[in-house]
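# Fold and contact review
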Amino acid sequence: MSLKAGIVGLPNVGKSTLFNAITNSHVLAENYPFATIEPNNGVVVVPDERLDYLCEKYQPKRKVNATFDFYDIAGLVKGASQGEGLGNQFLAAIRECDAIVEVVRCFENANVVRYHDDPVNPKADIDVISLELCMSDLASITNRIGKQDIRARIAKDKVAQYEMPILTAFRDALTNGIPARLVKGLSQEQMDYARKNFFLLTLKPILYVANVGEDDYSDLEHCAYYQQVKAIAEQENAVCIPLSCEIEYEISQLGSAAEKKEFLETLGVEESGLDRLVKASYKLLNLSTFLTCGTDECRAWTFRNGMLAPQCAGIIHTDFEKGFIKAEVYPFEEFHRVGEEMGNDAVGNTSLGQRIEQKIREEGKVRSEGKDYVMKDGDVVYFRFNVTKK
């Protein structure tokens, strides 16, 4: 399942440094605008304590985390919707993404240049990007209205008649600099239709990353810049993740998990900002995880919320979906409960994980689900299928 989150922001706000930390890669991260010309793609591992626990009990030959893609996109400047800077490439790259992760500068540093001479102002920076995306969408909507209005009035086309109230609502909002995702008065059905058919930039879900200074990271309550971004996110019912891109990059360069844990302890936090960001981005993309486990492999599989059991089986292999019979399912919480009750003693050649699963089955906690079952996050599942060979 190929889904992408695009990292965007004004030049020199920390996008590429964040991307380097997230993917532990080494793309160009220089102190001047447009250091990132082409979108850089990185596959991101989704941290999952549930998978870690399964592996602890099964001791499998292989562990496979869920993943998704992050794109580092060239910095945007004012006037991008009219082609300023690298505006056309920027907007085209965002259009290819499923969600937006917007990095906002929330730190003072005279050694890191701004693309303009204005002082650090998170709200103004957010407004610049929002307005450029709105103007790009307004051009698209205006063009579509020109075509559908005639079809709706003259030809009485049913699709055009359905679209016109949606298009008009978007046009009115975008004209006033209001992103399409924040439009009021449209039904969920209408919004879903628009996402599927209009391909608007401002309909994409957004997550704000407040890139704070190292000194502010441990005292966010008194970081005025972060509080600005947090307030904007709350108004938009969006997520805001505070982190220091420089610190996160330093953490990503540490060799062992023990070193990273020790570093985090010195900061007074249990989980890195990157882990929180990756998990939040995963949810922003409307993704969840089901788990499969055994002595050969324990694996987290990515699926879109709302997918049925046969579709999820097809993620593993197309034959699983074609010949789907049933899914044997139990929530991870049951595995954890029994695992804690049983302790850490394995018997003979039977792994502790196998004994835990056997106990869950003996307790009748394993459900047999059919084709209409909607998969849930954290389901541990075994698919039964049959494919007749011709």
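Residues numbered from 1 in each chain as written. Predicted model: local features only at pLDDT ≥ 70, side-chain atom pairs only at ≥ 80, totals over all residues. Heavy atoms only, no water.

For the protein chain, the count of helices and strands is 14 helices and 12 strands. The 390 residues of the protein chain split such that 49% are buried. Expressed as a percentage of contacts within the protein chain between residues at least 6 apart in sequence, the contacts between residues at least 24 apart total 70%. Accessible surface for the protein chain amounts to roughly 19,500 Å². Of this, 48% is attributable to carbon and sulfur atoms. (Helix = DSSP H or I, 4+ residues; strand = E, 2+ residues; numbered from the N terminus. Buried < 20%, exposed > 50% of the residue type's maximum accessible area, 1.4 Å probe, protein only. Contact = heavy atoms within 4.5 Å. Areas by Shrake-Rupley, 256 points an atom, 1.4 Å probe, with all protein chains shown as cover.)

Right, let's get into the environment of Ala92. Mapped onto the fold, Ala92 is located in helix α3 (residues 87-95). With relative accessibility at 42%, the residue Ala92 sits in the partly exposed group. Distance from Ala92 to Ile73, taken between C-alpha atoms, is 9.9 Å for residues 19 residues apart in sequence.

With that settled, the discussion passes to the pairing of strand β6 (residues 206-212). Of all seven residues in β6, seven are buried, a share of seventy percent or more. Of the two faces of β6, the one holding Ile206, Tyr208, Ala210 and Val212 and the one holding Leu207, Val209 and Asn211 are both buried throughout. Of the pairings in the sheet, the one linking β6 to strand β7 (residues 239-243) comprises five bridges and is parallel in character. Residue pairing in the sheet places Val209 in a bridge with Ile241 of β7. Note on the crossover from β6 through helix α7 (residues 224-235) to β7: the handedness is right-handed. (Pairing = 2+ DSSP bridges. Right-handed = clockwise from strand over helix to strand, strands pointing away.)

With that settled, consider the sheet that holds strand β2 (residues 40-45). With mixed pairing, the six strands of this open sheet are ordered in space as β2-β4-β1-β5-β6-β7. The open sheet has two edge strands with one neighbour each: β2 and β7. Ignoring which end each strand starts from, the neighbouring axes of this sheet average 25 degrees apart. In the sheet, β2 pairs with strand β4 (residues 67-72) via six bridges, with the strands oriented antiparallel. When the bridges of β4 are listed, Val44 appears paired with Phe68. (Axes fitted to C-alpha atoms, helices over the stretch in contact; angles between N-to-C directions.)

Here we come to the packing of aromatic side chains. Two aromatic rings are characterised by how far apart their centres lie and by the angle between their planes. The final tally for this structure, using the stated rule, is 14 aromatic pairs. An angle of 85 degrees between the planes, with centres 6.3 Å apart, marks the rings of Phe170 and Phe198 as edge-to-face. Here Phe198 lies in the loop between α6 (188-197) and β6 and Phe170 lies in helix α5 (residues 158-175), a separation of 28 residues in the sequence. Each residue in the set Phe290, Trp301, Phe303, Phe324 and Phe383 is aromatic and connected to the rest through ring pairs, giving one cluster. (Phe/Tyr/Trp six-rings, centres within 6.5 Å; stacked < 30°, edge-to-face > 60°.)

Quick look at the nonpolar core now. Nonpolar side chains in soluble globular proteins tend to end up buried together. With 80 residues, the main nonpolar core has Leu18, Ile22, Phe70, Leu277 and Phe335 as its most contacted residues. Contacts of Leu277, omitting those with residues within four sequence positions, involve Leu18, Ile22, Val101, Leu207, Val209, Ile241 and Leu243. Ile141, Ala152, Phe198 and Leu203 belong to the second largest nonpolar core, which has 21 residues in total. (Core = buried A, V, L, I, M, F, W, Y, C linked by side-chain atoms within 4.5 Å.)

With that out of the way, let us pick up the environment of Val338. Its location among the elements puts Val338 in helix α13 (residues 332-342). Residue class for Val338 comes out buried when judged on its relative accessible area of 0%. Setting aside residues up to four positions removed in sequence, Val338 forms contacts with Ile356, Lys359, Ile360 and Glu363.

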